[in-house]
Amino acid sequence: MSFVLAVWRESEPIGRAVARERYSHAEGSMLKERFPDEDVSGGLIRIAADRVDEVSNAVFAFARDEGLVCYDPQRDLVHNREPLGAYTGIQLHSGDGMVVTDPDLGLIHDVLGTMSVQNPFVALVVYGRHFMQVSPGSAGDYELEFKEGGVIRATRLDDLTEVRACFLAYATGDRSFLGEHQWSAET
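Every chain is numbered independently, its residues counted from 1 as its sequence is written. With pLDDT at 70 or above as the cut-off, local features in this predicted model cover only qualifying residues; side-chain atom pairs require 80 or more to be listed or tallied, and sums for whole chains, interfaces and linings still use all residues. Note that the side-chain values use all heavy atoms of the structure and ignore hydrogens as well as water.

S.K.: I'd like a description of helix H3 (residues 52-66), backed by residues and values.
M.R.: Helix and strand definitions here come from DSSP, where helices need a minimum of 4 consecutive H or I residues and strands a minimum of 2 consecutive E residues; each element is numbered from the N-terminal end. To estimate the expected span of a helix, count its residues, drop one, and scale the result by 1.5 Å. Taking 1.5 Å as the rise per residue, H3 with 15 residues should run 21 Å; its terminal C-alpha atoms sit 20 Å apart, in good agreement. Inspection of H3 places Val 52, Val 55, Ser 56, Val 59, Phe 60, Phe 62 and Ala 63 among the buried residues, and these make up the whole buried set. Down the axis of H3, the buried side of the element spans an arc of 165 degrees, and every buried residue falls inside it. What points out from H3, more than 90 degrees from its buried face, is the exposed set Glu 54 and Asp 65. Trailing H3 by a residue or two, Gly 67 shows a phi angle of about 70 degrees, which is positive. Partly exposed residues are those whose accessible area sits between 20% and 50% of the maximum for their type, while under 20% is buried and over 50% is exposed, using a 1.4 Å probe and protein chains only. What the arc measures is the spread of directions leading from the helix axis to the C-beta atoms.

Dropping the structure here:
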C-alpha cells in the first residue's frame, strides 16, 4: 500500500475542489531530483507505507520552499503557500500522523474537519512557547486546550465552527478567544 501526494505551481491559494480537479494534471519533475528513492512521476509522489511520515513531511516542506501547492488526496487536504499565521515554525499535528510546519490558514481550517476515530486530535504547536489542541468529546462536543506561560486552559465547545474560530485566532496571534469562552486553568 502506498500514499500519494501531488504538487504543482499555482499563482494563488486554491481550495480542495480545485485541487481535486487538477490532481491528475500536476507537474512535478523537480521532485524526482529531490526524492530520487521514491516513485515520482508527473507531479505525483507515491510513498511506501512505512515511510509516509518521514517523506510526506519533507514533501510538504519542499513544496512550501519551492512555492508549490501540495495536495493530499487521501485526506482531501490542500497545502497552499499562504495565507500563513503569525508564528514562523508553528507545527500542525493530527492524530493520523500528519505534521506540517508553517501550515496555511486554509489547511488548519480543513484539517479540523477531519477529526474522527482515525484522527482523534488536531494541535498547533509553537515548541517551547504555547500550543492549542482539540479532541472530539464524548457528548458530540469538542475538548479544547490552550497552553501558554506554563498554564493550561481547557474548555468545551459545542460547534466545530467555534473550534475553527479559536484555532484561526490563535494561529494569527489573536488571543480574543480567551475572553469568548469559559476556561478552567491548571498549572
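S.K.: I'd love a proper account of the sheet that holds strand E10 (residues 142-148), names of residues and values included.
M.R.: Note on sheets: strands pair through backbone hydrogen bonds, and any given pair is parallel or antiparallel. By the convention used here, strands pair only if DSSP detects at least 2 bridges between them. The strand order across the open sheet formed by seven strands is E7-E6-E8-E9-E10-E11-E12, and the pairing between neighbours is antiparallel. Each edge of the open sheet carries a strand with a single partner, namely strand E7 (99-101) and strand E12 (184-186). For this sheet, the mean angle separating the axes of adjacent strands, direction not counted, is 15 degrees. The pairing of strand E6 (residues 91-94) with strand E8 (residues 122-126) spans four bridges and is antiparallel. Of the residues in E8, the one forming a bridge with Ser 94 is Val 122. For helices, the fitted axis covers only the stretch in contact; all axes are lines through C-alpha atoms, and the angles between them, taken along N-to-C directions, range from 0 to 180 degrees.

S.K.: Just give me the short version of the side chain of Asp 110, but keep the residues and values in it.
M.R.: As for its position among the elements, Asp 110 is in helix H4 (residues 105-112). The class of Asp 110 is buried, set by a relative accessible area of 14%.

S.K.: Kindly report on the environment of Asp 76, identifying the contributing residues and their values.
M.R.: Considering the arrangement of structural elements, one finds Asp 76 in the loop between strand E4 (68-72) and strand E5 (77-79). Since its relative accessible area comes to 17%, Asp 76 is described here as buried. Put simply, Asp 76 and Thr 114 are 38 residues apart on the chain and 9.3 Å apart in space, counted from C-alpha to C-alpha. When checking whether two residues touch, look at their non-hydrogen atoms; a contact exists if any pair is within 4.5 Å. In contact with Asp 76, not counting residues within four places along its chain, are Arg 16, Arg 20 and Tyr 71. Whenever a nitrogen or oxygen atom comes within 3.5 Å of another N or O atom, the pair is scored as a polar contact, on the condition that within protein one atom can donate a hydrogen and the other can accept it, and that pairs from neighbouring residues in sequence are kept only if both atoms are in side chains. Within polar-contact distance, the side chain of Asp 76 engages the side chain of Arg 20 at 2.9 Å.

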